[in-house]
Structures are given as structure tokens and as C-alpha cells.
Amino acid sequence: MKIVTTINDWQIIRQQLTGKSIGFVPTMGHLHAGHISLCERSRVENDITVVSIFVNPTQFNQGSDFQLYPRTIEQDKSLLVSHQIDYLFLPDAESMYADHYEVQVTETALSHELEGEFRPGHFTGMLTVVLKLLNLVQAARAYFGEKDYQQLLLVKKMVAALFLPTEIIACETLRADDGLALSSRNSRLNAAQRQKAAHFPHLLQSDAAIEKIIAQLQALGFKVDYIADQWQRRLGAVWLDDVRLIDNISIKKE
Ligand code: PAF
């Protein structure tokens, strides 16, 4: 696996890859089996797979969440090598934001709902960095997990609106044996919180009404940001102390 740490080096390499189909998996690191499933799919569907790790400062609402975001770069590198990834792109914040974040990509409708209501500015930061990464990597396909469902919809919307040539591939959420969606933030849960966290997907999947699910989560000690039915999904965001979990399931009637 080649590790590329500057935008300039990547652009030179990218020119040499002309004619190859590139699959791209953008990440913020602390990789888990969910990320690896995106990488595996990319490897099957493309000649070359590029993974980026960039903990994007502009998509965090609280400085503390950014500081506490788990960074395990050496472990991530070994994992990617063992899964035969071709390139790991590790840009730094100064180069990604040479414009001091004066240029931003804002979606003005669905970015204000649900996650957008609770995390102002998050989706603008996310879309801005995804556009930069898609422009740099020039992939045929980019892989996004359904766990961040609203993110997936917004990325698809941006790609369509800006006529970007990359196809956005949605990949199913991977879950632990007890049903908790895999997420880099899960490692911030202590043993008791981790055990309790499994109630969240179970309640989301139950047939109960939203109000009842909220009441049950609150009785278990979760703080609930929202549980809502949108886009043929039931989506939710909850806190266990200072760790925020999001998840969603399909409620499409067959
Ligand atoms: O889903 C993530 O890990 C991030 O939002 C992404 C897409 C890598 C952009 O920073």
C-alpha cells in the first residue's frame, strides 16, 4: 500500500492512474469492519482502491468531540495493508483548507432537518470536504455507509447537483452481534454503556410508535435527540452520557 500525505504527490500519482477505474472510500479513521466492507466492495468493483483518512475539523460541532475523536493511524494502516488497499491518502488540514474554509458547500433544505437541527454546520463541513476529496481522487465510484443515512442522501444530492462524475454507492450498515451499528465512536463507550447501547437498535426496529420508543429509551437512561420516520427509514440519534449514537433502519413497505 502506498501512503500519500500531500495533495501534490497524490495529484502526480492520480495522473499516472489514467485509464484505471478507481474506487474511493473516504473515512475519518479508527477503521472497523464496516469500513472494511466498503473497501472489499470497492476492490471487487474497481481496478484500484483508494482510502482516505482525514479527521475533518469543519464537520465537528464541538471542539471536544473533534479532540476526542479516536485516532489510531498505525492500527488503521496495518488493517488496510492486510486488506490489500492500493493507496492510503492522508492529507493535512492546512492543505485541505488552504482557503481557511472561506469556500463552503451548503445544501439548504434537507441539511437543516434531523441531524442538521442538532448539529448546525455539520453537513456544510461534511459536504465541503467530500467535494474536495471527490475532486482530488476522481474516482469512478465512492462508497458510503447507510448508517449515516442523511449524509448519504446529501452526498448523492451534491453529486447530482454539481454534475460530479463519481457514482455514489450506498452500502448496508454492519452491526455487532447484539445489533449495535458499527461506528468509530462506539469505542468511547465503557462496558456498561456498551451493553446498554444495544437497546437503541432493538427499540428502533420494534413496531412501537415513535413516542413509545422515545419514552423507553429515556427510561433506560438515553438522552434522545430525535426518533423520526423520513425517507422510508426510521432514524434516530441518542446520547449515552457524552457519546452520541445515530442509527436508522428501513421501514419501506414491500
Ligand atoms: O462518514 C465519515 O466518516 C465522514 O463524514 C466523511 C464522509 C469521511 C467526510 O469527512
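Provided above is the structure to which this section pertains.
What counts and what doesn't
- Residues numbered from 1 in each chain as written.
- Predicted model: local features only at pLDDT ≥ 70, side-chain atom pairs only at ≥ 80, totals over all residues.
- Heavy atoms only, no water.
- Helix = DSSP H or I, 4+ residues; strand = E, 2+ residues; numbered from the N terminus.
- Rg over C-alpha atoms; globule rule 2.2 N^0.38 Å.
- Contact = heavy atoms within 4.5 Å.
- Areas by Shrake-Rupley, 256 points an atom, 1.4 Å probe, with all protein chains shown as cover.
- Lys, Arg positive; Asp, Glu negative; His and termini not counted.
- Charge placed at Lys NZ, Arg CZ, Asp CG, Glu CD.
- Salt bridge = Lys/Arg side-chain N within 4 Å of Asp/Glu carboxyl O.
- Buried < 20%, exposed > 50% of the residue type's maximum accessible area, 1.4 Å probe, protein only.
- Phe/Tyr/Trp six-rings, centres within 6.5 Å; stacked < 30°, edge-to-face > 60°.

**Let's talk about the overall build of the chain**
At step 1: Within the chain, the secondary structure is distributed over 11 helices and nine strands.
At step 2: Against the compact-globule benchmark of 18 Å for 254 residues, the chain has a radius of gyration of 18 Å, which places it among compact chains.
At step 3: Seen along its three principal axes, the alpha-carbon backbone of the chain occupies a region of about 55 × 40 × 40 Å.
At step 4: Once local pairs closer than 6 in sequence are excluded, the contacts in the chain between residues at least 24 apart make up 71%.
At step 5: As displayed, the chain has an accessible area near 12300 Å², and 52% of this comes from carbon and sulfur atoms.
At step 6: Of the charged side chains in the chain, 25 are positive and 30 negative; the average position of the first set lies 2 Å away from that of the second.

**Considering the pattern of salt bridges**
At step 1: If you walk through the whole model with that rule in mind, you get 16 salt bridges.
At step 2: The salt bridge partner of Arg41 is Glu45, with a shortest N-O separation of 2.8 Å. Of this pair, Arg41 and Glu45 are both found in helix α2 (residues 33–45), four residues apart, which corresponds to roughly one turn of the helix.
At step 3: A salt bridge links Arg234 to Asp229; the shortest N-O distance between them is 2.7 Å.
At step 4: Residue classification places Asp229 among the partly exposed positions, given a relative accessible area of 37%.
At step 5: Through salt bridges with shared partners, one network takes in Asp65, Arg185, Arg188 and Asp242.

**Points about unusual backbone geometry**
At step 1: For Tyr101, which is not glycine, the phi torsion reads 60° and is therefore positive.
At step 2: Take Tyr101: it is sitting in the loop between α5 (93–96) and α6 (115–118).
At step 3: Phi at Gln138 takes a positive value of approximately 50°, unusual for a residue other than glycine.
At step 4: Note that Gln138 resides in the loop between α7 (122–137) and β5 (141–145).

**Things to note about the packing of aromatic side chains**
At step 1: Tallied over the full model, the rule gives eight aromatic pairs.
At step 2: Residues Phe60 and Tyr69 carry aromatic rings whose centres are separated by 5.5 Å and whose planes lie at 75° to one another, so their mutual orientation is edge-to-face. Each member of the pair, Phe60 as well as Tyr69, carries the same accessibility label: buried.
At step 3: For the ring pair Phe200 and Phe222, a centre distance of 6.5 Å and an interplane angle of 45° mean the geometry is tilted. You can see Phe200 sitting in helix α10 (residues 199–205) and its partner Phe222 sitting in the loop between α11 (210–219) and β7 (223–230), a full 22 residues away along the chain.
At step 4: With relative accessibility at 1%, the residue Phe200 sits in the buried group.
At step 5: Classification of Phe222 by relative accessible area gives buried; the value is 4%.

Spatial relationships are all this shows, so hold off on functional conclusions.
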